[in-house]
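Below, each chain spelled out in residue letters.
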Amino acid sequence: MAKIIQTIDIVGLGALGVMYADFFTKKLGKEKVRVLADGARIERYKREQVTFNGEVCDFPYCDAKKESRPSELMLFAVKYGALETAMEENAHLVRENTVLLSVLNGIRSEEDLGRRFGREKVVHCIAQKMAAMKEGNAAFCTNTGELAIGVLGDGSLENLAAVKAFFDRTGFAYSCPEDMRHAMWGKLLCNVGVNQTVSLFEGTYRSVQKEGEAREMMKAAMRETILVANAEGVDLTEKDMDDWISVIDGLNPDGEPSMRQDGKAGRKTEVALFAGTICELGKKHGIHTPVNDRFLEKIE
């Protein structure tokens, strides 16, 4: 009998977490959704009120420690630095049939989830084509985009089929790339270039859309990523870079990537996920990564 997912748990209320919690709560009703957090955080959410596009969110908050019903689908939307804590706080809800999704940036979170809970539980995922921001407890999104989903290695096709069926029933936008690993590295290619360059120059997307030092640095960082990806057996090319630059050039010039938003708000950035990954793998393969070395030093 095919696995059927009826409920979803959301862990983390950044911009994407709020967006997904809002979507599924409205589609499924509060009884089919849990927004999992610790008690103190829940009290703060209720007191300060979380909003999405100006509307106060009536989310089904649940104290993870007090919950016992196994999770059918658990979606992690925390920052990478909070992932380990989030996994441990919710580990008792992950059972044999639980499916795990991560909308975190980078290529490490699925590996971490797989090591902790079993790789067969993880459906690989990329959050893409959205423009989401969060200021305090107010999240905004002009385009909700989609999730690109697939499985790698020991991943379960049954779990992938169950997630696809769940998304089909709820009308949630998704795609299934033919080569999921290539797709994940492609998104990393974009983030390594645009997120870090805009952050270093303390600008907006306009900083890299016009010709000049910032745009050239973005391209150089992306070329380092291509070299590292190739050494890892991923066929990224200059065409992939050009395609992503076309996407970047079409973004709102006054918009900001998530890393720049984190920097302005004084939050820890995800530079370790981007430059950190490229520098680490560069050393492994004997590839020089001077631009990403600089990002890692200056942004961190």
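Residues numbered from 1 in each chain as written. Predicted model: local features only at pLDDT ≥ 70, side-chain atom pairs only at ≥ 80, totals over all residues. Heavy atoms only, no water.

Describing the side chain of Thr7
No. 1: Take Thr7: it is sitting in the segment before strand E1 (8-11).
No. 2: The exposure class of Thr7 is buried, given its relative accessible area of 8%.
No. 3: Side chain to side chain, Thr7 and Arg69 meet in a polar contact 3.4 Å long.
No. 4: Residues within four places of Thr7 in sequence aside, it is in contact with Lys32, Arg69, Glu72 and Leu73. (Helix = DSSP H or I, 4+ residues; strand = E, 2+ residues; numbered from the N terminus. Buried < 20%, exposed > 50% of the residue type's maximum accessible area, 1.4 Å probe, protein only. Polar contact = N/O pair within 3.5 Å; in protein donor to acceptor, adjacent residues only side chain to side chain. Contact = heavy atoms within 4.5 Å.)

Concerning the packing of aromatic side chains
No. 1: Applying the stated criterion across every chain yields a total of eleven aromatic pairs.
No. 2: Both rings, one in Phe166 and one in Phe167, keep their centres 6.1 Å apart while their planes meet at 45°; by these two values the pair is tilted.
No. 3: What makes Phe166 buried here is its relative accessible area of 1%.
No. 4: Following the ring pairs from residue to residue traces out a cluster consisting of Tyr20, Phe23, Phe24, Phe166, Phe167, Phe172 and Tyr174. (Phe/Tyr/Trp six-rings, centres within 6.5 Å; stacked < 30°, edge-to-face > 60°.)

Things to note about the pattern of salt bridges
Side chains that carry opposite charge are capable of pairing whenever their charged atoms lie near each other.
No. 1: If you walk through the whole model with that rule in mind, you get 22 salt bridges.
No. 2: With a closest N to O distance of 3.0 Å, Glu67 and Arg34 form a salt bridge. Highlighted residues: Glu67 in the loop between strand E5 (61-63) and strand E6 (73-76) and Arg34 in strand E2 (residues 33-37), separated in sequence by 33 residues.
No. 3: Overall, Glu67 belongs to the partly exposed group, its relative accessible area being 23%.
No. 4: Taken together, the shared-partner salt bridges connect Asp9, Arg34 and Glu67 into one network. (Salt bridge = Lys/Arg side-chain N within 4 Å of Asp/Glu carboxyl O.)

With respect to the sheet that holds strand E4 (residues 55-56)
No. 1: Strand order across the open sheet formed by four strands is E4-E3-E10-E9, with mixed pairing between neighbours. Two strands in the sheet have a free side with no partner beyond their single neighbour: E4 and strand E9 (132-135).
No. 2: Sheet analysis places E9 next to strand E10 (residues 138-141), joined by four bridges and oriented antiparallel. Residue pairing for E10: Lys134 is matched across the bridge by Ala139.
No. 3: In the packing of helix H1 (residues 15-28) onto the sheet, contacts are made with strand E3 (51-52), E4, E9 and E10, and the angle to E9 comes to roughly 105°. (Pairing = 2+ DSSP bridges. Axes fitted to C-alpha atoms, helices over the stretch in contact; angles between N-to-C directions.)

Quick word on the environment of Phe201
No. 1: Along the chain, Phe201 falls in the loop between helix H6 (180-200) and helix H7 (206-209).
No. 2: Here the alpha-carbon distance between Phe201 and Phe274, two residues 73 residues apart in the chain, equals 16 Å.
No. 3: When residues no more than four places from it in sequence are discounted, the contact partners of Phe201 are Glu213, Ala214 and Met217.

Describing the environment of Gly145
No. 1: Mapped onto the elements, Gly145 comes out in the loop between E10 and strand E11 (146-150).
No. 2: Judged by relative accessible area, Gly145 falls into the buried class, the value being 17%.
No. 3: Residues Gly145 and Met130 lie 15 residues apart in sequence; the distance between their C-alpha atoms is 4.1 Å.
No. 4: The residues touching Gly145, leaving out its near neighbours within four places in the chain, are Gln128, Lys129, Met130 and Ala173.

Description of helix H2 (residues 39-48)
No. 1: One side-chain oxygen of the residue at the start of H2 lies 3.2 Å from the amide nitrogen of Ala40, identifying that residue as Asp38.
No. 2: Among the residues trailing H2, Gln49 stands out with phi positive, at a value near 65°.

Focus: the sheet that holds E6
No. 1: An order of E5-E2-E1-E6-E7-E8-E11-E12 is seen for the eight strands of this open sheet, with the pairing classed as mixed. At either end of the open sheet lies a strand with only one pairing partner, and these are E5 and strand E12 (174-175).
No. 2: Strand direction decides the pairing type here: E11 and E12, joined by two bridges, are parallel. Each bridged residue has a counterpart across the sheet, and for Ala148 the counterpart in E12 is Ser175.
No. 3: Packed on one face of the sheet, H1 meets E1, E2, E6, strand E8 (122-128) and E11 and runs near 160° to E1.
No. 4: Contacting E1, E2 and E6, helix H3 (residues 83-90) crosses the sheet at an angle of about 155° to E6.

Concerning the nonpolar core
A general trend in soluble globular proteins is that nonpolar side chains are found buried together.
No. 1: Trp185 and Val194 are the most contacted members of the largest nonpolar core, which totals 40 residues.
No. 2: At the level of secondary structure, the elements contributing two or more residues to this core comprise H6, helix H8 (213-231), helix H9 (238-249), helix H11 (271-285) and helix H12 (290-299).
No. 3: Examining the composition of this core, we find that ten residues originate from one element, H6, more than from any other.
No. 4: Once you skip the residues sitting within four places of it in the chain, Trp185 turns out to touch Ile107, Thr225, Val228, Ala229, Glu232, Val234, Leu236, Ile278 and Leu281. (Core = buried A, V, L, I, M, F, W, Y, C linked by side-chain atoms within 4.5 Å.)

Focus on H3
No. 1: Among the residues of H3, those classed as buried are Leu83, Ala86, Met87 and Asn90. Considered in projection along H3, the buried side chains sweep an arc of 100° and stay on one side of the axis. (Arc of directions from axis to C-beta.)

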